[in-house]
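Here's the letter readout for the chains.
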Amino acid sequence: MHWVARAQPPLHALAPPMPIFEAEAIVLRQYSLSDADRIVVFVTREHGRMRAAAQGVKKPKSRIAACLEPLNHIRLEFWAREGRELSQVRQAELIHSYLGKNPDLLRVYAFSYFAEIINELVQDNQANPSLFRLLLATLNAGEKHSANPSLVRYFEIWCLKLSGLFPNYAYCSNCGKYVKDEGFFALVEAGQARCPACAQGRGIRVGAGAYAALESMVKLSPEQFAVQPLARDAAADIERLSQKLLGLHLEKQLKSYRILKETLEGS
Ligand SMILES: [Zn+2]
């Protein structure tokens with residue numbers, strides 16, 4: 001479905017016209033601004049994260065409202081003036097809706113979790129094309145196959161890597177041993193790996209299976225990784241590590257994670 005919906009221009013009769021910008025965007029979330037208007041938070045390929053007021057979208061006849069649902073991939077035009085934090089949506093064209101057609105609950109929870117991570121990691125007005133591409137490719141893989149634990153782990157680890165938050169764990173920081181064959185213990189605060197002998201019971205255990213999975217993530221697309229078998233204990237090791245690293249750097253618990261975890265464990 002391709003159509004364009006246009007919002008009313010902002011009513012600042014005496015102000016000079018605001019410049020118009022274009023972006024390729026994915027809707028991360030939205031919240032209420034007034035009786036008729038919402039604020040929509042996007043990640044864009046060109047401008048990083050941005051927030052924009054969408055006027056009239058709470059009215060029943062708004063056509064633009066359907067374009068601005070969370071996890072929609074859209075082409076966006078917006079008004080923005082330098083120094084003003086809040087842009088305004090001018091028009092939106094739907095490219096694809098990832099939660100549009102009766103998505104299963106697992107996809108709803110996983111995709112919402114992906115959006116919450118991106119909302120935390122991408123900065124306002126700072127383009128981060130790598131994270132944008134990662135989100136898009138992961139949503140495509142999740143839609144085509146399933147939002148399974150492999151895909152969730154892949155997305156977390158790559159978000160950390162692309163944000164410079166994933167240390168090089170290849171060698172024991174104490175004895176220098178290459179940890180590939182027996183796995184390692186991650187000293188998360190220090191950003192170091194220890195081989196099992198040097199770890200002395202400290203750190204997060206990442207077994208050899210999890211290590212191999214982390215290595216194969218580097219070489220594979222989200223779709224390729226998500227359709228590979230991933231042993232339960234390797235997935236659990238990677239989950240503990242990625243959750244600890246995300247918690248350390250974001251300094252908060254992501255709201256959408258608990259329900260996703262429960263749903264993944266029940267599926
Ligand atoms: Zn060692």
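Structure first, text after, so check above.
Observations concerning the overall build of the chain
Of regular secondary structure, the chain possesses nine helices and nine strands. With the C-alpha coordinates aligned to their principal axes, the bounding extent of the chain is approximately 70 × 40 × 30 Å. Residue burial in the chain is summarised as follows: out of 267 residues, 48% are buried. Counting contacts in the chain only where the partners sit at least 6 residues apart, residues at least 24 apart contribute 64% of the total. Here the chain displays about 13,500 Å² of accessible surface, and carbon together with sulfur accounts for 50% of that area.

Thoughts on the pairing of strand E6 (residues 87–97)
Note that strand E4 (residues 48–54) and E6 share two bridges and pair parallel. Bridging from a neighbouring strand, Ala52 pairs with Ser87 of E6. Note: strand E5 (residues 72–79) against E6, eight bridges, orientation antiparallel. By the bridge assignment for E6, His73 is matched with His96.

A few points about the nonpolar core
If you look at the biggest cluster of nonpolar residues, it comprises 64 residues, and the most contacted ones within it are Tyr113, Phe114, Ile118, Leu135 and Leu241. Top element by residues in this core is helix H2 (residues 105–121). It accounts for nine residues. Formed by 21 residues, the second largest nonpolar core is a distinct cluster that contains Ala25, Val57, Ile64 and Ala65.

A few points about the environment of Leu94
By the element assignment, Leu94 lies in strand E6. By relative accessible area, Leu94 is classed as buried at 7%. Spatially, the C-alpha atoms of Leu94 and Phe21 are 17 Å apart, while their sequence positions differ by 73 residues.

Observations concerning the packing of helix H6 (residues 208–219) against helix H8 (residues 232–250)
It is at 8 Å that the axes of H6 and H8 come closest, and there the two elements cross at 70 degrees. Taken together, the axis directions place H6 and H8 in an arrangement best described as roughly perpendicular. Of the residues in H8, those touching H6 at Gly209, Ala210, Ala213, Leu214 and Met217 are Ala234, Asp237, Ile238 and Leu241. Taken together, the residues that form the contact of H6 with H8 break down as seven nonpolar, one polar and one charged.

Describing the coordination of the zinc ion
Within the protein, Cys172 (SG), Cys175 (SG), Cys195 (SG) and Cys198 (SG) serve as the donor atoms for the zinc ion, at 2.2 to 2.4 Å. Metal-centred angles of 101 to 115 degrees between the four donor atoms at the zinc ion mark the site as tetrahedral. The motif formed by the donor residues of the zinc ion, counted along the single chain, is C-x2-C-x19-C-x2-C. Here Cys175 is found in the loop between helix H4 (149–162) and strand E7 (184–187), whereas its partner Cys198 is found in helix H5 (residues 196–199), with 23 residues between them in sequence. On the basis of relative accessibility, which here comes to 45%, the residue Cys175 falls in the partly exposed class.

Quick word on the packing of helix H3 (residues 129–144) against H4
Remark: H3 packs on H4, axes separated minimally by 10 Å, with the N-to-C direction vectors making an angle of 175 degrees. Considered as vectors, H3 and H4 are oriented roughly antiparallel to each other. Touching Ser130, Leu131, Leu134, Leu135, Thr138, Ala141 and Gly142 of H3 are Leu151, Tyr154, Phe155, Trp158, Cys159 and Leu162, all from H4. Here the residues of the contact of H3 with H4 sort into 10 nonpolar, three polar and no charged.

Calculation notes
- Residues numbered from 1 in each chain as written.
- Predicted model: local features only at pLDDT ≥ 70, side-chain atom pairs only at ≥ 80, totals over all residues.
- Heavy atoms only, no water.
- Helix = DSSP H or I, 4+ residues; strand = E, 2+ residues; numbered from the N terminus.
- Buried < 20%, exposed > 50% of the residue type's maximum accessible area, 1.4 Å probe, protein only.
- Contact = heavy atoms within 4.5 Å.
- Areas by Shrake-Rupley, 256 points an atom, 1.4 Å probe, with all protein chains shown as cover.
- Pairing = 2+ DSSP bridges.
- Core = buried A, V, L, I, M, F, W, Y, C linked by side-chain atoms within 4.5 Å.
- Axes fitted to C-alpha atoms, helices over the stretch in contact; angles between N-to-C directions.
- Parallel < 35°, antiparallel > 145°, perpendicular 65-115°, else oblique.
- Nonpolar A, V, L, I, M, F, W, Y, C, P; charged D, E, K, R; others polar.
- Donors = N, O, S within 2.8 Å, 3.2 Å for Na, K, Ca; no water.
- Tetrahedral: all angles 85-135°; square planar, octahedral: opposite > 155°, others 65-115°.

Function cannot be inferred from these measures alone, as they are strictly geometric.
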